[in-house]
Amino acid sequence: MDTSLTAPPAPAGSRIAGPGRRRGFGTLLAVDLWERFSFFGMAAILVLYLTASKARGGMAMAPQSATAVFAAYMSLSFMAGLPGGWLADRVLGARRAVLLGGSLIACGHLVLAAPWAGSLYPGLLLVVAGTGLVKPAMAAMVAELGGEGPGRREAAFSLFYVCIQVSALVAPVVTGLLAERIAWHLGFAAAAVGMLAGLLQFTLGMRAFGEVGVRPPRPVGRAGLTAVLRKVCAVLGVLGAVAAPLAVFGALPVNGVLAVLGLTTVGLPFAYLRALRRRTETPRAAPGTGRGNTAEDGSGHRAEDTDGRTRAGDTVPRAGVRPGTKPGADSDTGTGVHPRTGTGLGTGTRTGECPEEYAGPGADVYAGAVTGSHSGAGTRVYPGADADGYAGAGGQGARARLGAFTAMMAASAAFWMIFAQGGSALSLFADRHTDRALLGFEVPASWFQSLHPLFVLLVAPFLARLRVGSWQRVGTPMKFAGALAAAGTSFVLMAVAARLAEEGPVGPYWLVLVYLLYSCGEIALAPAGLALAAAVAPPGSTSRFLAVNGLFGAVGVVVGGQLYRLTAVLPLSVYFLLVGVFVLGVGTAVALGARSLTRRLAAG
């Protein structure tokens, strides 16, 4: 979660006694608990419902297709936070985003609860859209109401994390019992009731929020909103024009749609990182020459015209020596220390966020604050720049950090690839290959989904104590390697269990051990991944880099769902073994490269 948000001062009388949190925090806590109850409750029964026979009220879908649908739903839930967060920040405000998103989630669960075959995909899309609105908006409100100072905010988010685990522990027990023992649609209805309860509590408790979340913090202008709506409508129009005729004639291939979605998911984080690199690096001309006008002020803000248009808002602290060529009109006005010295041919550097090298006749020495304007047309020569326009030691350091960060995120996707199959592949194994009899009662297969949050609640305090001591000295790459080793080992064990299951159902202790292993892996990797994203992010880009962490999680989810299709041609034991060995190999590679990765992540 993004704990970089800064809470504004609380209004008079808005604080509650004790930890310094503001009124309304308890309401948010309860709402999040209900929202997560609906999410985990539905996730626990979805694959089982899709694969259940028609006689049992299910969809009779092939296991390979069912896991792909589940993976698509989970990955879309990850990715929906990007447009949902933008709407909350720029258009709706957090409060309206929670209300609208919660209503969409409840409607989605009610649609799924309807006993007709066409309810599946509309219901899932409604839940995805609502989740994308609720989660970032809730995080923003927690940051404001959780208390002042980073320590209090981190404690607030930790409390929310515990609530998530409590919801994940209870929800499968409730919805699984209703769905597997009475009717599948009753399980979805229970999830809807949970979300409606959260919405009711949020509405009744809104007075305690004061002005928090009433308005968007950075509202977009009408012209900007219109432009965005036009683009969205154009994209949706094209997709609708292609999909509608195919759907009418029954020729819309679900597997093809899922494959396209999977490819989009895999490519999205890399495209997003590329866009972030362009935003966080100062734009500059490619190797050669560029003509343009420059404006500067005392804050270091600069607008540079390299193609006849003005670019504003790029911050470049000015210090050092900048030789260069500037024929033509040249004026400087304002206050501050602005000595200009020297003429002649020379080279020099400009330090700041994005150092550059300049060469040419004429030297300007800039020191201190400058307020005013500096305009002129001329030619600049940038020797030594690479194909991407990076030059100087600082640019190389930023590239090294970004490259190491990308490698680490790609490795984390391998972990989430296994982790996400807990609700699909492992649920199917519990349903079909596990002896679930306990004292004459057959344990519902969905109840095994409660093992993961149970282990997190039990193990997390122990690892938290380690973090205070020796665990803090373990580098992030080694934490990733340990998590990958745990996940890979869990699937190797599953390969053994699947091989034994060919002779008959196996004991539940296999799944218990597997859930324990990758629960420990999540506790090690998830916080380290968030901390890494926050540490690597340039100033002002923390939220976007945290979003990248989530996008790579979506990559792992969708890849895992597609890989399960291999079980149509491979024995289940071979599938588990291949995936487990692959993830162990990724963990080994991260461990072997830990020293290099650590050095590149610290490059400046």
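Treat the numbers as computed from the prediction; the structure is a model and nothing was measured.

Cut-offs applied
- Residues numbered from 1 in each chain as written.
- Predicted model: local features only at pLDDT ≥ 70, side-chain atom pairs only at ≥ 80, totals over all residues.
- Heavy atoms only, no water.
- Salt bridge = Lys/Arg side-chain N within 4 Å of Asp/Glu carboxyl O.
- Buried < 20%, exposed > 50% of the residue type's maximum accessible area, 1.4 Å probe, protein only.
- Helix = DSSP H or I, 4+ residues; strand = E, 2+ residues; numbered from the N terminus.
- Contact = heavy atoms within 4.5 Å.
- Axes fitted to C-alpha atoms, helices over the stretch in contact; angles between N-to-C directions.
- Parallel < 35°, antiparallel > 145°, perpendicular 65-115°, else oblique.
- Left-handed = near helix turned anticlockwise from the far one by under 90°.
- Nonpolar A, V, L, I, M, F, W, Y, C, P; charged D, E, K, R; others polar.
- Core = buried A, V, L, I, M, F, W, Y, C linked by side-chain atoms within 4.5 Å.
- Phe/Tyr/Trp six-rings, centres within 6.5 Å; stacked < 30°, edge-to-face > 60°.
- Lys NZ or Arg CZ within 6 Å of the ring centre and 35° of its normal.

## Topic: the pattern of salt bridges
Item 1. Scanning the entire structure with this criterion turns up 7 salt bridges.
Item 2. Close ionic contact of Arg 499 with Glu 502 constitutes a salt bridge, the shortest N to O distance being 2.8 Å.
Item 3. Assessed through its relative accessible area of 45%, Arg 499 is described here as partly exposed.
Item 4. You can call Glu 502 partly exposed: its relative accessible area is 47%.
Item 5. For Arg 499, the salt bridge is made with Glu 503, and the minimal N-O distance between the two is 4.0 Å.
Item 6. Residue classification places Glu 503 among the exposed residues on the basis of a relative accessible area of 68%.
Item 7. Shared partners join several salt bridges into a network, and the residues in it are Asp 32, Glu 35, Arg 36 and Lys 135.

## Description of the side chain of Arg 95
Item 1. In this structure, Arg 95 sits in helix H4 (residues 94-113).
Item 2. Under the relative-accessibility criterion, Arg 95 is labelled buried at 13%.
Item 3. Once residues lying within four places of it in the same chain are set aside, the contact partners of Arg 95 are Met 141, Phe 202, Met 206, Phe 209, Gly 210, Glu 211, Val 212, Gly 213 and Val 214.

## Considering the packing of helix H11 (residues 425-433) against helix H14 (residues 509-536)
Item 1. Orientation of H11 relative to H14, taken along the N-to-C sense of each, is 165 degrees, at an axis distance of 12 Å. The orientation of H11 relative to H14 falls into the category roughly antiparallel. For the pair H11 and H14, the sense of crossing is left-handed. In this structure, H11 uses Leu 426, Phe 429 and Ala 430 to contact H14, whose residues at the interface are Leu 511, Val 514, Tyr 515 and Tyr 518.
Item 2. Of the residues assigned to the contact of H11 with H14, the class counts are 7 nonpolar, no polar and no charged.

## Things to note about the nonpolar core
Item 1. Counting 93 residues, the largest nonpolar core has Leu 46, Leu 50, Tyr 73, Phe 405 and Phe 576 as the members making the most contacts within it.
Item 2. Leu 50 has contacts with Met 59, Ala 60, Met 61, Ala 66, Val 69 and Leu 120, leaving out every residue within four places of it along the chain.
Item 3. Leu 92, Met 141, Val 142 and Phe 202 belong to the second-largest nonpolar core, a separate cluster that totals 24 residues.

## Topic: the environment of Gly 187
Item 1. Take Gly 187: it is sitting in helix H7 (residues 184-204).
Item 2. Here the alpha-carbon distance between Gly 187 and Leu 177, two residues 10 residues apart in the chain, equals 7.8 Å.
Item 3. Setting aside its immediate chain neighbours within four residues, Gly 187 contacts Ile 45, Thr 175, Leu 178 and Ala 179.

## Quick word on the packing of aromatic side chains
Item 1. Scanning the entire structure with this criterion turns up 16 aromatic pairs.
Item 2. With 6.0 Å between their ring centres and 25 degrees between their planes, Phe 415 and Phe 419 make a pair best called stacked. You can see Phe 415 and its partner Phe 419 sitting in helix H10 (residues 392-419), 4 residues apart, about one turn around the helix. In this structure, Phe 415 and Phe 419 share a single accessibility class: buried.
Item 3. With a centroid separation of 5.1 Å and an interplanar angle of 65 degrees, the aromatic rings of Phe 419 and Tyr 518 are classed as edge-to-face. Of this pair, Phe 419 sits in helix H10 while Tyr 518 is found in helix H14, placing the two residues 99 residues apart along the sequence.
Item 4. One aromatic cluster is present, formed by Phe 415, Trp 416, Phe 419, Tyr 515 and Tyr 518 through successive ring pairs.
Item 5. The ring of Phe 39 carries Arg 36 above its face, with NZ or CZ at 4.2 Å from the centroid.

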